[in-house]
Number of protein chains: 2
Amino acid sequence: MSGDYSFDIVVVGAGIIGVATAYYLQRNNPSKTILLLDRLPAAGQANTAMSAAAVRNMFASSTNQLLTDTSIKYYQHIQEEIGHDLLFERCGYLWLLSDSQFNNVSIQNWMKRMEESNIHYRIYDKKQLKEMIPGLNVDFEGDDEAELMNLQQVDFGLFGGDCGVLDSTRLVEYYLQEFKKLSPVKPRFGISVEKLLLEANPKLDVPGEPFVWQKKKVNGVITNKGSIRAETVVLATGAWTNKLLDPIGMDGRTKAKKRHIFVLHAEDKSGLRDLLDTKGFCDLNTIPFTILPSAGVYFRPQLQERGFWIGCADKLGRCFNYIQTEDYEHPESTYYENSIYPVLVKYFPSFEGARPVGSWAGGYSYSPDAIPFVYKENGILVLDGASGSGIMKADAMARIANALYRGEAEAELYGGKKVPADMLSQNERKVEVESVII
Amino acid sequence: MSGDYSFDIVVVGAGIIGVATAYYLQRNNPSKTILLLDRLPAAGQANTAMSAAAVRNMFASSTNQLLTDTSIKYYQHIQEEIGHDLLFERCGYLWLLSDSQFNNVSIQNWMKRMEESNIHYRIYDKKQLKEMIPGLNVDFEGDDEAELMNLQQVDFGLFGGDCGVLDSTRLVEYYLQEFKKLSPVKPRFGISVEKLLLEANPKLDVPGEPFVWQKKKVNGVITNKGSIRAETVVLATGAWTNKLLDPIGMDGRTKAKKRHIFVLHAEDKSGLRDLLDTKGFCDLNTIPFTILPSAGVYFRPQLQERGFWIGCADKLGRCFNYIQTEDYEHPESTYYENSIYPVLVKYFPSFEGARPVGSWAGGYSYSPDAIPFVYKENGILVLDGASGSGIMKADAMARIANALYRGEAEAELYGGKKVPADMLSQNERKVEVESVII
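Residues numbered from 1 in each chain as written. Chains lettered and ligands numbered in written order. Predicted model: local features only at pLDDT ≥ 70, side-chain atom pairs only at ≥ 80, totals over all residues.

### What about the interface of chain A and chain B?
Then comes step 1: Taken residue by residue, the interface counts 38 residues in chain A and 37 residues in chain B.
Then comes step 2: Among the secondary structure elements, those contributing two or more residues to the side of chain A that touches chain B are strand 12 (255-265) and helix 11 (333-347) of chain A.
Then comes step 3: Here the side of chain A that touches chain B gets six residues from one element, more than from any other, and that element is helix 11 of chain A.
Then comes step 4: Across the side of chain A that touches chain B, the residue classes break down as 18 nonpolar, ten polar and ten charged. (Contact = placed C-beta atoms within 7 Å. Helix = DSSP H or I, 4+ residues; strand = E, 2+ residues; numbered from the N terminus. Nonpolar A, V, L, I, M, F, W, Y, C, P; charged D, E, K, R; others polar.)

Pasting the structure below:
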């Protein structure tokens, strides 16, 4: 480490991507000093904690298939072989689709691509679905309201049994604990990074630096508790990334959007209990993570709480926010009432009258192709744009970031598969555009 | 026109792209009512007026070559055949390059691609440049300051004689006047668009609309003087576009950056007079639009004022701004003193002591591939991301926008060349990434 720097690396953001990156960097570069920072009092408490924490390998692009499949297998390894319980439950993912959706070229391509990549899935028809989930309404024939709401009927179910849900806090804990075992530097919490420290390289110590004609590099971060100098700054800041990159003129190419989760309990209503305890899909005898055919509404079973987490991937009409604001901490109750509930109750009438017992909101960072960015430039290593699937890609992204840090041409993902280290970069991007976004 | 709408089309932004689009839309759709709006008291007074108003066909991507070559030929046609004087002066463009820059693969590819596209250029060597521009300093041998400033010496000049400068106000006037001849609707100025009017389609007239499960469409704009309903909204808003698209959740994929012009008079100094009156490059006997090898500094001759306009395409360290602010109206004087002047005076010592007599700043809207966006979605037709070359691409972009509006598969550019109407769209983009950005 040069005498100018207090640390070799500062990792900004102790969400799932930040802790995984800190861990792989420390494991592979044992002599480097790595400071992990977060603005909140503990790791994984921001948008990682706000996610639905579902994991799936059912993507259409080979890029996302690879990132998720290897990450999920590593999480399985953590739980089953290392013995750190992540509450990883393979409840599966179930897409409910109308006939026209099912026969659409993009869905047909998706299935073809999963077959090519040996990703297991199966198809249920309407009759089978009706038998397995008696409370599911598959047909809106004669229902004017449903027509007004543009609701598609259910003709098919696309089910992936290798997908599931996990506890994101436990996953964060695992990487953090392994990082702490290796790192001589204690992570610091409650420190908010306000700016990147862009400096002339070399500095002339003249007021007004850096000037246009000087070479420049990010040499650390300016926080609410002072400056921290580091040779490499890792940004694992998700929906906050533009706030740090824009001021130095780097285009992160991502946009942040607010996403909600509403918590409903199943115990008070027999219909919801039956739904939660749906048999036949998986050994857990529970309903899979289920995506409705319309309006982007989905739910996941929550077995510890005996309930459901309900979300919605709304598109047009849900604003992009420049930076995260306090607004993100306030879920919109009318959003459940007016936008989600009416859809949910049409497909699953047993939700009739059910009201959330809790709710929260967080920020997703979307990339234009729904594939994450991992790149190193100007002294910064950026991991961003996981597009709502950061938990299920974190392990692979962190391994790729480590290869970029080390200047290696290839990164080795869990299971031994090697990929070009620059495959997720902005300038040498080698990815397929993803079409299956929730 | 449906009874719900006051106009068929509202064009937001009467900069060069807005007026050109309004003109082609009206010419090709004579029965449609088109309202052209601008927040300023007249057309072309915002960022169009702030540009260096230089035009070049010397790009590396066939996409930009085509957009600029056909637009520039149309401007020539306006001036020479229609007889509307644009003060279009073919002073040429001159890139000054060091040996290592000249031999870099990206510059060599650029030249190869220009040859393939029949774009005329010639190469001058150091000796020729020195003879033609006696005031040019080509060599910094032994100059420690120049080394500290990372200045590249001058070994080659790449000159394009079909490029030049024009008066952007006159170009805006031309399209505006032609539009006004055809349009029954008078353009309105001093009207600021604050929001896009995103509505449920159909509307239910229930509070809280649009809900997630409703189809949606932009049905007009909300301005500081009330709402204006139109079936199609054209956004020709450049650096302001994100301010309108973000709130409805559309990712414009562009970023805005502040750019300066500093005005210097040549008459007071014989060295600058000689530089302005440089012979041998073009019939006008003036120095070409000249790009220095280092720091992004460039200047254009201004023959009416007998002076120079000086600018700088700074990259890392110049912030992206979320929206345009009053800040854009305030050029930074220290920027000239500290960043531009030291570079300028090294290459052209006759600028020694010369100080700006005027300056201004405006916003450029950059796309990630430095190619513009033109797309139609959700009732909006967006033209954005010209990346600092909107004036030289405006005619082609407007013709493409018209084809999209009409639902035609191809757009015909000036000279008869046909291109896919969706070539500049986000989702069906068919472009080459541009590498020669100033």
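### A short note on the relation of the copies chain A and chain B
Then comes step 1: The two copies are related by a screw operation: chain A maps onto chain B through 180 degrees of rotation and 0.0 Å of translation along the axis, at an RMSD of 0.0 Å. On this basis, the relationship between the two copies can be described by a two-fold rotation axis.
Then comes step 2: In this assembly the copies share their binding face: 97% of the residues contributing to the interface of chain A also contribute to that of chain B. (Least-squares fit on C-alpha atoms with pLDDT ≥ 70 in both.)

### So, the nonpolar core
Then comes step 1: Counting residues in hydrophobic clusters, the biggest one holds 140 residues, and the most contacted among them are A:Val10, A:Val19, A:Ile340 and A:Ile400.
Then comes step 2: When neighbours within four sequence positions are excluded, A:Val10 is seen to be in contact with A:Leu35, A:Leu37, A:Gly220, A:Val221, A:Ile228, A:Ala230, A:Val233 and A:Val234.
Then comes step 3: The next biggest cluster of nonpolar side chains, apart from the first, holds 139 residues, and it includes B:Tyr347, B:Phe348, B:Ala396 and B:Leu404. (Core = buried A, V, L, I, M, F, W, Y, C linked by C-beta atoms within 7 Å. Buried ≥ 20, exposed ≤ 12 C-beta atoms within 10 Å, placed from the backbone.)

### Here we look at the domain arrangement of chain A
Residue and element names in this part refer to chain A.
Then comes step 1: According to the domain assignment, chain A contains domain 1 (7-52 + 169-254 + 369-420) and domain 2 (93-160 + 255-366).
Then comes step 2: The straight-line distance from the C-alpha centre of domain 1 to that of domain 2 is 33 Å.
Then comes step 3: Counting from both sides, the interface comprises 16 residues of domain 1 and, opposite them, 16 residues of domain 2.
Then comes step 4: Put simply, the parts of the chain that give the side of domain 1 that touches domain 2 at least two residues each are helix 2 (47-50) and helix 9 (241-245).
Then comes step 5: Top contributing element to the side of domain 1 that touches domain 2 by residue count: helix 9, with three residues.
Then comes step 6: For the side of domain 1 that touches domain 2, the per-class residue count stands at five nonpolar, nine polar and two charged. (Domains from an automatic or database assignment.)

### Thoughts on unusual backbone geometry
Then comes step 1: With an omega of 5 degrees, the peptide bond running from A:Asn201 to A:Pro202 counts as cis.
Then comes step 2: By secondary structure assignment, the location of A:Pro202 is in the loop between strand 9 (193-200) and strand 10 (216-223).
Then comes step 3: In the Ramachandran plot, A:Asn150 falls in the positive-phi region, its phi being about 60 degrees despite a non-glycine side chain.
Then comes step 4: Among the secondary structure elements, A:Asn150 is positioned in the loop between helix 7 (144-148) and strand 6 (156-160).
Then comes step 5: For A:Asn150, a count of 12 C-beta atoms within 10 Å corresponds to the exposed category.
Then comes step 6: Its identity is not glycine, yet B:Ala53 carries a phi of approximately 55 degrees, on the positive side.
Then comes step 7: Given 25 C-beta atoms within a 10 Å radius, B:Ala53 is considered buried.

### Let's talk about helix 5 (residues 105-116) of chain B
Then comes step 1: With twelve residues, helix 5 of chain B extends 16 Å from end C-alpha to end C-alpha; this agrees with the ideal 16 Å at 1.5 Å per step.
Then comes step 2: Note on helix 5 of chain B: the residue one or two positions beyond its end, B:Asn118, has a positive phi of about 65 degrees. (Expected span 1.5 Å × (residues − 1).)

### Quick look at the pairing of strand 11 (residues 226-235) of chain A
Residue and element names in this part refer to chain A.
Then comes step 1: Summarising burial for strand 11: seven of the ten residues are buried, a large majority.
Then comes step 2: The pairing of strand 10 with strand 11 spans four bridges and is antiparallel. Residue pairing for strand 11: Gly220 is matched across the bridge by Arg229.
Then comes step 3: Once strand 10 ends, the chain turns through two residues before running back antiparallel as strand 11.
Then comes step 4: In terms of strand pairing, strand 11 meets strand 19 (residues 380-384) through three bridges, oriented parallel. Bridging across to strand 19, Val234 finds its partner in Leu381. (Pairing = 2+ DSSP bridges.)

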